[in-house]
Amino acid sequence: MTIAPESHSAGAARAGARRLPSTGVLDARRRPLHDLRISVTDRCNFRCVYCMPREVFGRDYAFLERHELLTFEEIERISRAALANGVRKLRLTGGEPLLRRGVEDLVARLAALRTLDGDKPEIALTTNGSALAVKAEALKAAGVDRVTVSIDSLDDALFRRMNDVQFPVRRVLAGIDAARDAGLPVKLNTVVKRGLNDGEILSLAEHFRGTGHVLRFIEYMDVGATNGWSLDEVVPSAEIVAQIHARFPLEPLAPTAPGETAKRWRYVDGSGEIGVISSVTNAFCGSCSRARLSTEGRLFTCLFASEGHDLRALVRGGATDAELTATLADIWGVRDDRYSEIRSSLTPELRADRARIEMSYIGG
Ligand code: SF4
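Because the structure is a prediction, the values reported are computed rather than measured.

1. Observations concerning the overall build of the protein
Then comes step 1: Looking only at helices and strands, one finds 13 helices and 14 strands in the protein.
Then comes step 2: Considering only C-alpha atoms, the protein reaches an extent of 60 × 45 × 45 Å along its principal axes.
Then comes step 3: Within the protein, buried positions represent 55% of all 364 residues.
Then comes step 4: Looking at the protein alone, contacts between residues at least 24 apart form 72% of all its contacts between residues at least 6 apart.
Then comes step 5: As displayed, the protein has an accessible area near 15200 Å², and 52% of this comes from carbon and sulfur atoms.
Then comes step 6: In the protein, the 50 positive side-chain charges and the 49 negative ones have mean positions that sit 2 Å from each other.

Written as structure tokens, this is what we have:
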């Protein structure tokens, strides 16, 4: 991608990016750019079978070298350019983001940035919870507003089997408590795979009912090419909701914000809410406002994208902030992604042929 030495609005205008003063840039489907998910490491201390299977991510797997990673200063510059294009929420992901040394310093840098409205961007973090008990206070103090913790089972043996490093569930539960005690709102993500942890739905719902934590069930997705995904291992969200409703009556809730991925349900008895994220059976591409930045600086406009735009080369090539901002507007302006809407129309061969980035690399 070449940088044309022209002003931001000219760059955006040339690429057909429609730019609204206060909301930022729109893509080819008039979807705004609201969320930037930032993968700060491609490494993880877990080997979750649906994300980072050990057979692929084994001892000899070539993870990114340190010099390949974006520095905190580079992440800050790219985030500033994203905020100038309308982003309001920055989410730190990985791999496991708490493995990146000094991640609190990165949070503090990002917390000092401002949105188009002059507000502090919302800073969220997605983690496997393994280090949360130690880090929660420091993350809160640095500027994290909320955390999302992955928890796929309460059954310790199954939990250890699913993370495939024998990590005990009690330590993740302790991390969740530490986040709560630090004043961090907690959302919980459970990826449901038929034949593996679909028997855990009710016990998870029962355990977190009344805690104030929002438990979300995620349909197992064909992200990347290493998890051996098949449609018959997907438990449709409708089935999950029906199962819980039969035990703890539920009613639908309105979305909290445009582009929210989860469909919200509240317990009729007032003991909280759950969510379901249905990329397979109820695609939400129509309001998808998320871009993803990989650990080494590639910008992806869809979780199921085959390739990204190399922003690191721009940053390390001397691009100005204005050129970086214009380039992001150009990229987003022509974005037309809607993989989840077309997934079912793709033949298995076509889907298999389509290169896709790994979940562990781009952080979901
Ligand atoms: S498939 Fe792509 S466009 Fe659709 S919701 Fe997911 S990330 Fe967004």
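Having seen it, we continue.
2. Some remarks on the confidence of the model for the protein
Then comes step 1: Per-residue pLDDT for the protein averages 92, and the proportion of residues at 70 or more is 94%.
Then comes step 2: Predicted confidence for residues 1–17 stays below pLDDT 50, and this span has 30 contacts to residues more than four positions away or in other chains.

3. Remarks on the environment of I201
Then comes step 1: Mapped onto the elements, I201 comes out in helix α7 (residues 201–208).
Then comes step 2: Judged by its relative accessible area of 1%, I201 falls in the buried class.

4. A short note on the packing of aromatic side chains
Then comes step 1: This structure, assessed with the given rule, holds seven aromatic pairs.
Then comes step 2: Seen from their ring centres, F46 and F167 are 5.1 Å apart, and the 50° between their planes marks the pair as tilted. Here F46, found in the loop between β3 (35–39) and α2 (72–83), pairs with F167, found in the loop between α5 (156–163) and α6 (169–181); they are 121 residues apart in sequence, far enough to count as distant.
Then comes step 3: Their ring planes at 50° and their centres at 4.6 Å tell us that F57 and Y61 sit as a pair that is tilted.
Then comes step 4: Members of the aromatic cluster, connected to one another through ring pairs, are F46, F159 and F167.
Then comes step 5: It is R209 that lies over the ring of Y267; its NZ or CZ is 5.4 Å from the centre.
Then comes step 6: Positioned above the aromatic ring of F304 is the side chain of R343, whose terminal nitrogen or guanidinium carbon lies 5.1 Å from the ring centre.

5. With respect to the environment of A28
Then comes step 1: Turning to its location among the elements, A28 is positioned in the loop between β2 (24–26) and β3.
Then comes step 2: Spatially, the C-alpha atoms of A28 and R335 are 5.6 Å apart, while their sequence positions differ by 307 residues.

6. Considering empty space enclosed by the protein
Then comes step 1: Taken as a whole and judged by the stated rule, the model has one cavity of 30 Å³ or more.
Then comes step 2: Approximately 50 Å³ is the volume attributed to the largest cavity.
Then comes step 3: Around the largest cavity, the lining is made up of 13 residues, and of these F208, R209, H213, Y267 and E273 lie nearest the centre.
Then comes step 4: Contributions of two or more residues to the lining of the largest cavity are made by α7 and β11 (273–277).
Then comes step 5: Class assignment of the residues belonging to the lining of the largest cavity gives a composition of five nonpolar, six polar and two charged.

7. Re the packing of α2 against helix α3 (residues 103–111)
Then comes step 1: As a packed pair, α2 and α3 sit with axes 10 Å apart at the nearest point and diverge in direction by 30°. Judged on the interaxial angle alone, α3 and α2 are roughly parallel. The interaxial crossing formed by α2 with α3 has right-handed handedness. Residues F72, E73, I75, E76 and S79 of α2 form the contact with α3, whose participating residues are V103, D105, L106, R109 and L110.
Then comes step 2: Split into classes, the residues belonging to the contact of α2 with α3 amount to five nonpolar, one polar and four charged.

What counts and what doesn't
- Residues numbered from 1 in each chain as written.
- Predicted model: local features only at pLDDT ≥ 70, side-chain atom pairs only at ≥ 80, totals over all residues.
- Heavy atoms only, no water.
- Helix = DSSP H or I, 4+ residues; strand = E, 2+ residues; numbered from the N terminus.
- Buried < 20%, exposed > 50% of the residue type's maximum accessible area, 1.4 Å probe, protein only.
- Contact = heavy atoms within 4.5 Å.
- Areas by Shrake-Rupley, 256 points an atom, 1.4 Å probe, with all protein chains shown as cover.
- Lys, Arg positive; Asp, Glu negative; His and termini not counted.
- Charge placed at Lys NZ, Arg CZ, Asp CG, Glu CD.
- pLDDT = per-residue confidence, 0-100.
- Phe/Tyr/Trp six-rings, centres within 6.5 Å; stacked < 30°, edge-to-face > 60°.
- Lys NZ or Arg CZ within 6 Å of the ring centre and 35° of its normal.
- 1 Å grid on protein atoms, 1.4 Å probe; cavity = no way out; pocket = protein on both sides within 12 Å on 5 of 7 lines; lining within 4 Å.
- Points joined across faces, edges and corners; volume = space filled by probe spheres on them.
- Nonpolar A, V, L, I, M, F, W, Y, C, P; charged D, E, K, R; others polar.
- Axes fitted to C-alpha atoms, helices over the stretch in contact; angles between N-to-C directions.
- Parallel < 35°, antiparallel > 145°, perpendicular 65-115°, else oblique.
- Left-handed = near helix turned anticlockwise from the far one by under 90°.

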